[in-house]
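Notes for the structure review
Listed here are the chains, written in short residue letters.
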Amino acid sequence: QVQLVESGGGLVQAGGSLRLSCAASGRIYNINAMGWYRQAPGKQRELVAGITSGDSTNYADSVKGRFTISRDNAKNTVYLQMNSLKPEDTAVYYCNANVRRAIYSVGSDYWGQGTQVTVSS
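The text that follows walks through the structure, step by step, so that each part is easy to find. As a convention, each chain's residues are numbered from 1 in the sequence order in which they are written. At least 70 in pLDDT is required for a residue's local features to be given in this predicted model, at least 80 for side-chain atom pairs to be given and counted, and no such filter applies to totals for whole chains, interfaces and linings, which use all residues. Only hydrogens and water are set aside when side-chain values are computed; all heavy atoms of the structure are taken into account.

When helices and strands are tallied, the protein shows zero helices and 11 strands. Each helix is a run of H or I in the DSSP string that is no shorter than four residues. Each strand is a run of E no shorter than two, and both are numbered from the N terminus. Starting at the N terminus and ending at the C terminus, the protein contains elements arranged as β-β-β-β-β-β-β-β-β-β-β. Computation of the radius of gyration draws on C-alpha atoms alone. For the globule rule, the value is 2.2 Å times the number of residues to the power 0.38. For a compact globule of 121 residues, the expected C-alpha radius of gyration is about 14 Å, and the protein comes in at 14 Å, within 12% of that figure. Its C-alpha atoms give the protein principal-axis dimensions of roughly 50 × 25 × 25 Å. Shrake-Rupley sampling with a 1.4 Å probe provides the accessible areas, and residues are treated as covered by the protein chains on show and by no other component. Summed over its atoms, the accessible surface of the protein is roughly 6400 Å², and 47% of this surface lies on carbon and sulfur atoms.

Encoded structure:
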């Protein structure tokens with residue numbers, strides 16, 4: 001199996017910064033795209049940022065210029081640097097990875113357990 005473990009969430013004042021990390025472990029041949037999603041109370045889960053195996057990135061309009069996604073392929077880890085945080089960024093943040101478990105296998109999506117980010121005004 002494959003496990004994704006997130007860390008780095010917490011409580012921060014508006015204007016502050018947090019860095020989320022997500023490490024993948026288990027039977028991994030390689031990892032295709034990785035991404036961060038978030039879900040606020042009463043709202044649907046939404047894509048925050050994504051990064052391909054070739055380091056192409058995309059961001060939700062609401063976080064462009066404030067958040068930066070990156071990855072360390074040697075560590076099977078994806079990061080989300082969040083700056084200039086706003087109260088509306090408050091949500092549970094989930095890591096997602098599309099993982100190939102063997103050379104001839106197709107990728108499958110895996111999810112972390114989520115980490116709470118709370119931004120106070």
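After that view of the structure, there is still more to cover.
Glancing now at the pattern of salt bridges. Only one rule defines a salt bridge in this text: a Lys or Arg side-chain nitrogen within 4 Å of an Asp or Glu carboxyl oxygen. Tallied over the entire structure, the rule returns four salt bridges. A salt bridge links Asp-61 to Lys-64; the nearest nitrogen and oxygen atoms lie 3.1 Å apart. For every residue, the accessible area obtained with a 1.4 Å probe (protein chains only) is divided by the maximum for its type, and the residue is called buried under 20%, exposed over 50%, and partly exposed between those limits. Owing to a relative accessible area of 64%, Asp-61 belongs among the exposed residues under this scheme. As a salt-bridge pair, Arg-66 and Asp-89 come within 2.8 Å of each other at their nearest N and O atoms. Pair noted here: Arg-66 is in the loop between β6 (57-59) and β7 (67-72) and Asp-89 is in the loop between β8 (77-82) and β9 (91-100), with a separation of 23 residues, a long-range link. For the residue pair Arg-66 and Asp-89, the accessibility class agrees, reading buried in each case. One salt-bridge network, held together by shared partners, links Arg-38, Glu-46, Arg-66 and Asp-89.

Turning our eyes to something else, we now look at the sheet that holds β8. Read from one edge to the other, the open sheet built from four strands follows the order β1-β3-β8-β7, with strand pairing classed as antiparallel. Only two strands of the sheet have a single neighbouring strand rather than two, namely β1 (2-7) and β7. Each neighbouring strand pair of the sheet contributes to a mean axis angle of 15°, computed without reference to strand direction. Strand pairing requires that DSSP identify at least two bridges connecting the strands. Angles here are taken between N-to-C directions and fall from 0 to 180 degrees, while the axes themselves are lines fitted to C-alpha atoms, restricted in helices to the stretch in contact.

Right, let's get into the pairing of strand β5 (residues 46-51). Direction of pairing for strand β4 (residues 30-39) relative to β5: antiparallel, over a ladder of five bridges. The residue of β5 that forms the bridge with Trp-36 is Ala-49. Bridge analysis of β5 against β6 gives three bridges, and the strand direction is antiparallel. The residue bridging Gly-50 from the neighbouring strand is Asn-58, located in β6. Remark: five residues form the turn of the hairpin made by β5 and β6, two consecutive strands paired antiparallel; Asp-55 in that turn has positive phi of roughly 70°.

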